[in-house]
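# Topology and contacts: notes
Listed below, chain by chain, are the residues.
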Amino acid sequence: MKIILSTSNPHKVKEINEIMDTNDVEFILPPDGFDPDETGTTFAENSLIKAKTAWELSHDWSLADDSGLCIDALGGQPGIYSARYAETPQKRIERVLKELDGIKNRKAHFTCCMTLIAPDGSIAFACEGICKGSIIEEAKGTNGFGYDPIFMPEGYNKTIAELPEDEKNRISHRSKALVKVIDYIKTQVL
Ligand code: ITT
């Protein structure tokens, strides 16, 4: 079956395709005109908005990922604003490091909310995946994307950007959510 991946972020497409462990599902890009207004106040709401936007253009299976970095000492910020926290990925990292300057509590987690819409427009499945860790003092590593160079997952002494891609894809918030979606598709849809 084909599922539209309701995203414009090529890194998400790449990771999701690498995490997939079945040839029965093929993810395809949204049709032209996909430009959702992420006006939700939670990851779940924005994920639903993105999935619905793709469904409205296609009337086909649509899966959206809304994700971000939540930092305890910043009251959960940047959270749903992770992609908009500053102009560029580099500036977003600099802003986080500046805001955490001198703060001892470095605890943080990545969250990923996924919503799957069926061809009749109903919400077929929704779930969340979390990856816990902490923010280090300076960026390290070049793999992954976004905040990966400053995020050290629990149980590791490297940032996600220093880990091989397959290791990130084993422990990430995105893989934890996607495994649940794939299980739903395998048991309820295929
Ligand atoms: P779409 O809305 O088109 O899917 P986006 O990148 O704008 O793409 P989000 O609104 O979900 O997606 O924002 C996610 C942001 O959170 C992303 O741009 C990164 O800054 C950060 N983020 C999410 N997952 C991440 C990951 O695995 N590693 C590092 N940063 C991540």
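These notes cover the structure that comes with them. Keep in mind that what you see is a predicted model, and the values were worked out from it rather than measured. (Residues numbered from 1 in each chain as written. Predicted model: local features only at pLDDT ≥ 70, side-chain atom pairs only at ≥ 80, totals over all residues. Heavy atoms only, no water.)

Position of Ile28 relative to the elements: it lies in strand 2 (residues 26-28). Look at Ile28 and you get partly exposed, because its relative accessible area is 29%. For the pair formed by Ile28 and Ser6, sequence separation is 22 residues and the distance between their alpha carbons is 8.9 Å. For Ile28, the residues in contact, after removing those within four places along its chain, are Lys2, Ile3, Ile4 and Leu5. (Helix = DSSP H or I, 4+ residues; strand = E, 2+ residues; numbered from the N terminus. Buried < 20%, exposed > 50% of the residue type's maximum accessible area, 1.4 Å probe, protein only. Contact = heavy atoms within 4.5 Å.)

Here we come to unusual backbone geometry. Note that the residue after Gln77, namely Pro78, is joined by a cis bond; omega there is 0°. Within the fold, Pro78 resides in the loop between strand 3 (62-71) and helix 3 (89-99).

This part covers the nonpolar core. What tends to happen in soluble globular proteins is that the nonpolar side chains get buried as a cluster. Judged by nonpolar contacts, the single largest core of 21 residues is most densely connected at Ile3, Phe27, Leu63, Met114 and Leu178. Listing elements by their share of this core, those giving two or more residues are strand 1 (2-5), helix 1 (10-19), strand 4 (107-117) and helix 5 (173-189). The dominant element in this core, judged by the number of residues it contributes, is helix 5, at six residues. Judged by nonpolar contacts, the second largest core, of 16 residues, contains Ile71, Tyr85, Val96 and Ile135. (Core = buried A, V, L, I, M, F, W, Y, C linked by side-chain atoms within 4.5 Å.)

The tally for this structure, following the rule as stated, stands at zero disulfides. Sulfur of Cys112: no disulfide; nearest cysteine sulfur belongs to Cys113 and is 6.9 Å away. (Disulfide = S-S within 2.5 Å.)

Before going further, it helps to spend a moment on the packing of aromatic side chains. With the rule as written, the count across this model stands at two aromatic pairs. With a centroid separation of 4.6 Å and an interplanar angle of 55°, the aromatic rings of Phe110 and Phe151 are classed as tilted. On the criterion of sequence distance, the pair formed by Phe110 in strand 4 and Phe151 in strand 6 (residues 151-153) is long-range, its members being 41 residues apart. In this structure Phe110 comes out as buried when scored by relative accessible area, which is 5%. Above the ring of Tyr85, the side-chain terminus of Arg95 is found at 3.7 Å from the ring centroid. (Phe/Tyr/Trp six-rings, centres within 6.5 Å; stacked < 30°, edge-to-face > 60°. Lys NZ or Arg CZ within 6 Å of the ring centre and 35° of its normal.)

We now examine the site of the ligand. Near the ligand there are 20 residues, and of these Thr7, Ser8, Lys12, Lys50 and Asp148 occur at the shortest range. One of the backbone N or O atoms of Ser8 is found 2.7 Å from an oxygen atom in the ligand. In this structure, an oxygen atom belonging to the ligand sits 3.2 Å away from a side-chain N or O atom of Asp66. Alone, the ligand offers 610 Å² of accessible surface; in the complex the protein occludes 91% of this. Those elements giving two or more residues to the shell around the ligand turn out to be strand 3 and helix 5. It is strand 3 that provides the largest number of residues to the shell around the ligand, a total of four residues. Grouping the constituent residues of the shell around the ligand by class yields four nonpolar, eight polar and eight charged. (Near = heavy atom within 4 Å. Polar contact = N/O pair within 3.5 Å; in protein donor to acceptor, adjacent residues only side chain to side chain. Areas by Shrake-Rupley, 256 points an atom, 1.4 Å probe, with all protein chains shown as cover. Nonpolar A, V, L, I, M, F, W, Y, C, P; charged D, E, K, R; others polar.)

Moving on to the packing of helix 1 against helix 5. At a minimum axis separation of 10 Å, helix 1 and helix 5 run at an interaxial angle of 55°. Judged by the inter-axis angle, helix 1 sits oblique to helix 5. Both helix 1 and helix 5 take part in a crossing whose hand is right-handed. Along the contact surface, helix 1 presents Lys12, Glu15, Ile16 and Ile19, while helix 5 presents Arg174, Ser175 and Leu178. For the contact of helix 1 with helix 5, the residue count by class is three nonpolar, one polar and three charged. (Axes fitted to C-alpha atoms, helices over the stretch in contact; angles between N-to-C directions. Parallel < 35°, antiparallel > 145°, perpendicular 65-115°, else oblique. Left-handed = near helix turned anticlockwise from the far one by under 90°.)

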